Structures are given as C-alpha cells and as structure tokens.
Amino acid sequence: MPRDSNITRIYIVFTSYQFKVALVHRRTYPGTGGALLVHHQSIVPSRDELKEFDELLSFQAGTGIRSDSNRQTFQILRQRFEHLIAHADRQSVPDLFVCSIAYPLTNWLITHFVGRLRTSILIDGLSGYLPLRKPVVRELADGLRKLYVGLFIGIKTSWIFKHPQGLDSDFVHDLYAEMPALLSAHRKPVNLLPSVFEPLDASQRELARLDVWFLGQPHTLRGKKLVDLLMQLLAALRRDHPEARDFIYRTHHFEAASVSELIRSTGFKVEEGHGCVEELLCARPPIAVYSYRSTALLNLRRILPTDIPVVAFAPWLVQPPEEKLLYGDIQQWMLTLGIDRPAPASAVFALEVELGRRQTWQSQLRRLVR
C-alpha cells in the first residue's frame, strides 16, 4: 500500500462497465500520483487491470437511501477519505471520479467533502448524452429523500441538480466523455475519453456468427406483459433470422434475478448479466443484436462490423422514472447516435409499429405527465 500522500485521485465504480471507463481514464490521464479504486464487490478486476491502481477498497452498496450497506459503506469511506486528505499534499486537492452523483453513496460523499475533493464525472452510458432532466415529481421526491436522510440518518445529501446523473451540479467540476460535443449544454469543461472497447480484429471478424442476442433492460414491462412481449418478439426474430442457432436474452445487472425464469418460459435462452456484454460479443460475434435503448448498443455499433445489425427496438418501452427527455424523440436520438433501426420490411419492425398502435390512453397520459 502506498503512502497516503501519494494518492491524488479516487475512482468510485458500481458496475463492470463503469470500471472499464475508469480504467480508460486512468490510462489516458495518468497524472503524477497514485490512484485509489473504490469498487462494488461484484467487480473482479484482472491482474493486469489491478496494476493500474495503488490501493483498492471493495464495498457492498445499492441505490436505496435506507440501505444499511449504504450507511456502513459511507462511514468506512468517509473515514478513509478524511485520513487520505489529512495526509495529502497541502498544495492540491485530491480528485474524485464518479459516473453519477445520483447514487446515494456518491451523493453523500460528494456533499460531505465539497471543497476538499475535486469531483469529475466520467460519462458511462447513453443517458449521459441525451438531453434529459429529472421530472418535477422526481425532484420533489429527491427533496423528501434529502429531508429523510438528514433527519433520520444524520447524513447531508444534495438534490439541487436537474440532470438525472448530476452533470449540471455545482459540485461537479469537469466531465469526461467519448462524445464531448453532446455535453456543451452543461457548461462545464469536457475532456475526451478514448473508446472503452476496440473494434473486432481480423481474426474475430472471421468467427462463425451463430446467434441472435437481445439485451434486457430494467424500467420496462413486467410479469405477464413482459412475457407476452418477449414471445411476440422471439417469433419476429425467428422470422427475420431463420438461420440462427440460438436466440439469447442477456439480462441486465439491474433486472431482478426472478426475471430469468419468466424469460426462459418465452423460449429465449438466458445468459445472466455478469461482466460487459461488449467483450462477450467480441469473442462470440452475433448474427444480430437487439435491445431497447441500451448503452451497449452504442458501444457495439462502434466495434462490430457494419453488416451485423445493432438495433434499437421500441426504445420508448424503457421509461426510467428519473428521466424526462427535453426534446426530440428517443427513436430519432438512437439514429442520431448511430444505432440501427429495425429494417422496414422486417417482422421486428412490424411488431414495433403494432406496439405503438396498442399504446393505451393511460400510458400516453403518463408519458405526457413525465
């Protein structure tokens, strides 16, 4: 373990993909001091990746403000950061890199150490590039959460930011992104990040393409509605890709574990969501890959050959409660970001059109309110 005075930056990551983004930043902007990696215990860095960091701390925390693990982890990290800052070079402030300040743990830490840590956000997903703000209902809920956390847990938290990830927060100094031009509205310095994943090499391009993949996401239909949708989707995929060996549903890390059995009942082969699907599909290139509005689509379109469709199917089915699109249409935004749409003559396209027609007045009203 290095001396505390040598640690000049801290990374906090919750997912495998966030870890990859942090790793790219570390390699691109190595700086002059050491780095502390604070990572969720589900992330297992390789031996080579571990060499990039001088100290590691693992944690167990989630997205709920009442989680005991969040509170315990906050106290552990608060003490570690206090000690680190006390022994740091008095002429500089340590840098803190996170992918969002909406996570309770990062929010509490940033609020507690405001002025003593210089916070930057590493853009880790599609939502970072969309023109979003929190719905008014969410802002009110965040205000109540702030009150609850302060009164009953004794922790200060910040809720005065409009972007769901806090890109506009006064507590955030810089942004790092692969597409800096899309972040000018936040009026902060934006630094370029190289792509996390490299395009397929010649040998990978020659691998047999056997399967069609669908990448799951949370905040979509549930229960019987989800089963009915996936059965229709699988039938459409089979019509469009009769040559496929398997139709694989890759679960999202935020999807409940119980959803896997429901999905198997539709006829999909299920692959649990561990690690980055982008790496998996480089080793096993697909015939085609579909999802709603996944960040993985954005990455896969860059690394897979153009003759492999990377398709956003009915992206409006994913409705995160903390996001409101300020302008434009999510389908058009997916095209703007370079992601494919279903082919007009395909069965998947026909299903998407039919789903749009089936939207009830209740769901339409809900979208307007959001």
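Calculation criteria
Residues numbered from 1 in each chain as written. Predicted model: local features only at pLDDT ≥ 70, side-chain atom pairs only at ≥ 80, totals over all residues. Heavy atoms only, no water. Pairing = 2+ DSSP bridges. Helix = DSSP H or I, 4+ residues; strand = E, 2+ residues; numbered from the N terminus. Axes fitted to C-alpha atoms, helices over the stretch in contact; angles between N-to-C directions. Parallel < 35°, antiparallel > 145°, perpendicular 65-115°, else oblique. Contact = heavy atoms within 4.5 Å. Nonpolar A, V, L, I, M, F, W, Y, C, P; charged D, E, K, R; others polar. Salt bridge = Lys/Arg side-chain N within 4 Å of Asp/Glu carboxyl O. Buried < 20%, exposed > 50% of the residue type's maximum accessible area, 1.4 Å probe, protein only. Phe/Tyr/Trp six-rings, centres within 6.5 Å; stacked < 30°, edge-to-face > 60°. Lys NZ or Arg CZ within 6 Å of the ring centre and 35° of its normal. Patch = residues over 30% accessible without salt bridge, like charges linked within 9 Å, V, L, I, M, F, W, Y side chains within 5 Å. Areas by Shrake-Rupley, 256 points an atom, 1.4 Å probe, with all protein chains shown as cover. Right-handed = clockwise from strand over helix to strand, strands pointing away.

Student: Mind showing me how you'd approach the sheet that holds strand β9 (residues 211-215) here?
Tutor: Strand pairing in a sheet relies on backbone hydrogen bonds, with the paired strands running either antiparallel or parallel. Reading across from one edge, β11-β10-β9-β12-β13 is the order of the five strands in this open sheet, with parallel pairing throughout. Taken across any chain shown, the strands that pair with only one partner, and hence form the sheet edges, are β11 (269-271) and β13 (310-312). With direction set aside, neighbouring strand axes in the sheet form an average angle of 25°. Two elements, strand β12 (residues 288-291) and β13, share three bridges in a ladder whose sense is parallel. Looking at the pairing, Ser 291 lines up with Ala 312 of β13.

Student: How should the packing of helix α7 (residues 223-240) against helix α12 (residues 347-357) be read in this particular structure?
Tutor: Working note: a packed helix pair is described by the angle between its axes plus the distance between those axes. Relative orientation of the contacting elements α7 and α12 amounts to 150°, with a least axis distance of 8 Å. In terms of orientation, α7 and α12 fall into the roughly antiparallel class. Residues Leu 229, Gln 232, Leu 233, Ala 236, Leu 237, Arg 239 and Asp 240 of α7 pack against Ala 347, Val 348, Leu 351 and Leu 355 of α12. Looking at the contact of α7 with α12 residue by residue, the class counts come to eight nonpolar, one polar and two charged.

Student: Would you mind showing me how to read the environment of Ala 288 here?
Tutor: Inspection of the secondary structure assignment puts Ala 288 in strand β12. Separated by 44 residues in the primary sequence, Ala 288 and Ala 244 have C-alpha atoms spaced 9.4 Å apart. Residues contacting Ala 288, with those up to four places away along its chain left out, are Asp 211, Val 212, Trp 213, His 241, Ile 308 and Pro 309.

Student: What am I meant to see in the pattern of salt bridges here?
Tutor: Summed over all chains, the structure comprises 27 salt bridges. Asp 68 is paired through a salt bridge with Arg 71; the nearest N and O atoms lie 2.7 Å apart. Of this pair, Asp 68 and Arg 71 both sit in helix α3 (residues 68-86), three residues apart, which is roughly one turn of the helix. Judged by relative accessible area, Arg 71 falls into the partly exposed class, the value being 27%.

Student: Explain the packing of aromatic side chains here, please?
Tutor: A ring pair, where both rings are aromatic, is described by two values, the distance of the centres and the angle of the planes. Counted according to the given criterion, the structure contains 16 aromatic pairs. In this structure an aromatic cluster arises from ring pairing among Tyr 11, Phe 19, Tyr 29, Phe 53, Phe 97 and Tyr 176. Here the basic side chain of Lys 134 rests over the ring of Phe 161, its NZ or CZ set 4.0 Å away from the ring centre.

Student: Would you mind showing me how to read the sheet that holds strand β5 (residues 118-122) here?
Tutor: Taken in spatial order, the seven strands of this open sheet run β3-β2-β1-β4-β5-β7-β8, and their pairing is parallel. The sheet is open, and its two borders are formed by β3 (55-59) and β8 (190-192), each paired with just one other strand. When the angles between neighbouring strand axes are averaged without regard to direction, this sheet yields 20°. Bridging between strand β7 (residues 172-177) and β8 involves three bridges; their strand directions are parallel. Across the sheet, residue Ala 177 finds its bridge partner in β8, namely Leu 192. Packing against the sheet, helix α4 (residues 104-112) makes contact with β1 (7-13), β3, β4 (95-98) and β5, and its axis sits at approximately 160° to β4.

Student: Explain a nonpolar patch on the surface to me, please; I cannot follow it from the model alone.
Tutor: Nonpolar side chains collect at one region of the surface, where Leu 147, Tyr 148, Leu 151 and Phe 152 lie side by side and expose about 460 Å² of accessible area between them. Relative to the elements of secondary structure, Tyr 148 occurs in helix α5 (residues 136-153).

Student: Whenever I open this one, the pairing of strand β2 (residues 34-40) confuses me. Can you help?
Tutor: Side-chain positions along a regular strand alternate between the two faces of the sheet. When you tally the buried positions in β2, you get seven out of seven residues, the bulk of the element. The alternating pattern of β2 places Gly 34, Leu 36, Val 38 and His 40 on one face and Ala 35, Leu 37 and His 39 on the opposite face, and all of these are buried. Pairing analysis gives six bridges linking β1 to β2, with the strands arranged parallel. In the sheet register, Ile 10 faces β2, and the bridge partner there is Leu 36. Regarding the hand of the β-α-β motif, the stretch spanning β1, helix α1 (residues 16-28) and β2 is right-handed. Relative to β3, β2 is paired through five bridges, and the arrangement is parallel. Residue pairing across strands places Leu 37 opposite Leu 56, the latter belonging to β3.

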